[in-house]
Amino acid sequence: MKLKDIQTLFHKTLDTIYGKQEVDSFFYLLTEHIVGLNRMALALEPNAIINKKDEEVFQDALSRLEQQEPIQYIIGETEFYGLMFKVNPDTLIPRPETEELVEWVIKNHSEQNQDVQLNILDIGTGTGCIAISLAKHLPNAKVYALDVSRNVLEVARQNAENNNVSVQFINDDILNPNGFKSDFKFDIIVSNPPYVRQLEKQEVKPNVLNHEPHLALFVDDHDPLLFYRAICEFSTIYLKEKGTLYFEINQYLGKEMVDLMQTFSFKNVELKQDLFDNDRMMKAVKL
């Protein structure tokens, strides 16, 4: 079967769900992943033919896309901050907004990292995208990453190995961190914890709602700052004096987050907007 015929089938089946441009994006991602032809190579071989086995892989991907399964799960990987990360349905798919959080941490601490070895902890690491990106771009830092799921940590370990960085992974529950022990404190604690309230589910796209892990996404409407409060309590013990705490946050709860940080006596609280002008990131200093 010709690849251009598969592309036509993709558009016929999926355009009403995703739109032509996104369907093209899916097709080219799959073409490179399955048969190793990028968009330019395909343009040079417009009549390229694939074998029956590869055709079946395309058909399977088409069926899964029709069910609005994320393309990242179908391919099994995604790019984040210039690095490739394996993903599966146990892991949340890294978001561009989280890249902005990583960029903020690197910008604020790259000069400091040249002079001293920073100890950094990423809480709720998932794929390890934050911890691994920080380890890659702050090479003098010693990076730790904590998650409640052993399955997720196996993915994160593989991602660290694939990206040639050293990260120490910790299996523990930040809501009940009885297993955590450390004889030192961290210079930086960073986290992108669950923060989408149940009442906001109607804003979540079906590909996310029906396929990504709810444990990593949603919190109870009556206590939406549960994880942030737990991390603040943890930071009063394990964050150094003058250490910095970074969060990705719910865009609707910026004021509540500022109030929470002040309740725990953090200073220099800064709320930062993402590229879409939503309140998305926060940092504060323990004094």
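The structure contained in this document is the topic of the report that follows. Bear in mind that the values here come from a model prediction, so they are computed numbers and not experimental data. (Residues numbered from 1 in each chain as written. Predicted model: local features only at pLDDT ≥ 70, side-chain atom pairs only at ≥ 80, totals over all residues. Heavy atoms only, no water.)

**A word on the environment of H137**
To keep it simple, the criterion reads: Working definition: helices are DSSP H or I runs of at least four residues, strands are E runs of at least two. Numbering for both runs from the N terminus. Three exposure classes are used, based on accessible area relative to the maximum for each residue type with a 1.4 Å probe and protein chains only: buried under 20%, partly exposed in between, and exposed over 50%. Residue contacts follow a heavy-atom distance rule, with two residues in contact if any of their heavy atoms lie within 4.5 Å.
By the secondary structure assignment, H137 is in helix α7 (residues 129–137). According to the relative accessible area criterion, H137 is partly exposed, its value standing at 36%. For the pair formed by H137 and E103, sequence separation is 34 residues and the distance between their alpha carbons is 9.6 Å. Residues contacting H137, with those up to four places away along its chain left out, are Y81 and I106.

**Topic: the side chain of S133**
By the secondary structure assignment, S133 is in helix α7. With sequence-adjacent residues up to four places away left out, S133 is seen in contact with F80, Y81, L83, F85, V102, I106 and G128.

**Topic: the nonpolar core**
Grouped burial of nonpolar side chains is what soluble globular proteins tend to show. Using the following cut-off: The nonpolar core is taken to be a set of buried Ala, Val, Leu, Ile, Met, Phe, Trp, Tyr and Cys residues, with the residues joined through side-chain atoms within 4.5 Å.
Ranked by size, the top nonpolar core spans 34 residues in total, and within it L121, I189, L245, F247, M257 and M261 carry the most contacts. Those elements giving two or more residues to this core turn out to be β3 (119–123), β4 (142–147), β6 (186–191), β8 (218–219), α10 (226–238), β9 (239–248), α11 (254–263) and β11 (279–286). For M257, the contacting residues outside a window of four places in its chain are L225, Y228, F247, I249 and M282. I132, L153, A160 and F169 belong to the second largest nonpolar core, which has 31 residues in total.

**Things to note about the layout of surface pockets**
This is how it is decided: Definitions used throughout: a 1 Å grid over protein atoms alone; a cavity as a set of points that fits a 1.4 Å probe which cannot get out; a pocket as an open set with protein on both sides within 12 Å along at least five of seven lines; a lining residue as one with an atom within 4 Å of a point. Grid points are joined across faces, edges and corners, and a volume is the space filled by probe spheres set on the points. Under this grouping Gly is polar, as are all residues other than the nonpolar Ala, Val, Leu, Ile, Met, Phe, Trp, Tyr, Cys and Pro and the charged Asp, Glu, Lys and Arg.
In this structure, the largest pocket spans a volume of roughly 1,200 Å³. Every residue lining the largest pocket is counted, 44 residues in all, and those nearest its centre are R95, E97, K205, V208 and E212. Looking at the lining of the largest pocket residue by residue, the class counts come to 23 nonpolar, nine polar and 12 charged. Taken as a whole, the second largest pocket spans an internal volume of roughly 580 Å³. Around the second largest pocket, the lining comprises 33 residues; the ones closest to its centre are G124, G126, D147, P194 and A216. Of all the secondary-structure elements, those providing two or more residues to the lining of the second largest pocket are β3, α7, β4 and α10. By residue class, the composition of the lining of the second largest pocket is 18 nonpolar, nine polar and six charged.

**Remarks on the packing of aromatic side chains**
Rules: When the centres of two rings from Phe, Tyr and Trp lie within 6.5 Å, Trp using its six-membered ring, the rings pair. Their planes under 30 degrees apart give stacked, over 60 give edge-to-face, and anything left gives tilted. A ring is scored as having a charge over it whenever the NZ atom of a lysine or the CZ atom of an arginine sits within 6 Å of its centre and within 35 degrees of its normal.
Per the counting criterion, the structure on display carries 12 aromatic pairs. Geometrically, the ring pair formed by F27 and F58 is tilted, given 6.2 Å between the ring centres and 35° between the ring planes. Taken together, the positions of F27 in helix α2 (residues 20–35) and F58 in helix α4 (residues 52–66) put the pair 31 residues apart, joining distant regions of the chain. The exposure class assigned to F27 is buried, which follows from its relative accessible area of 0%. Seen in terms of ring centroids, F234 and Y238 are 4.7 Å apart; in terms of plane orientation they differ by 35°. Their pairing is tilted. Residue F234 and its partner Y238 are located together in helix α10, separated by four residues, close to a single helical turn. Each member of the pair, F234 as well as Y238, carries the same accessibility label: buried. Taken together, the aromatic side chains of F10, F27, Y28 and F58 make up a single cluster linked through ring pairs. Between K201 and the ring centre of F218, over which it is positioned, the NZ or CZ distance is 5.1 Å. Above the plane of the ring of W104 lies K272, whose end atom (NZ or CZ) is 5.6 Å from the centre.

**Quick word on the pattern of salt bridges**
Where charged atoms from two side chains of opposite charge come close, those side chains can pair. Filter applied, for reference: The term salt bridge refers to a pairing of a side-chain nitrogen on Lys or Arg with a carboxyl oxygen on Asp or Glu at a separation within 4 Å.
Here the structure, examined in full by the defined rule, presents 11 salt bridges. Among the ionic pairs, E212 bridges to R95, the shortest N-O distance being 3.0 Å. Here E212, found in the loop between α9 (206–209) and β8, pairs with R95, found in the loop between β2 (83–86) and α6 (96–115); they are 117 residues apart in sequence, far enough to count as distant. In this structure E212 comes out as buried when scored by relative accessible area, which is 5%. Judged by relative accessible area, which is 25%, R95 ranks as partly exposed. One continuous salt-bridge network, built from bridges that share partners, spans D60, R64 and E69.

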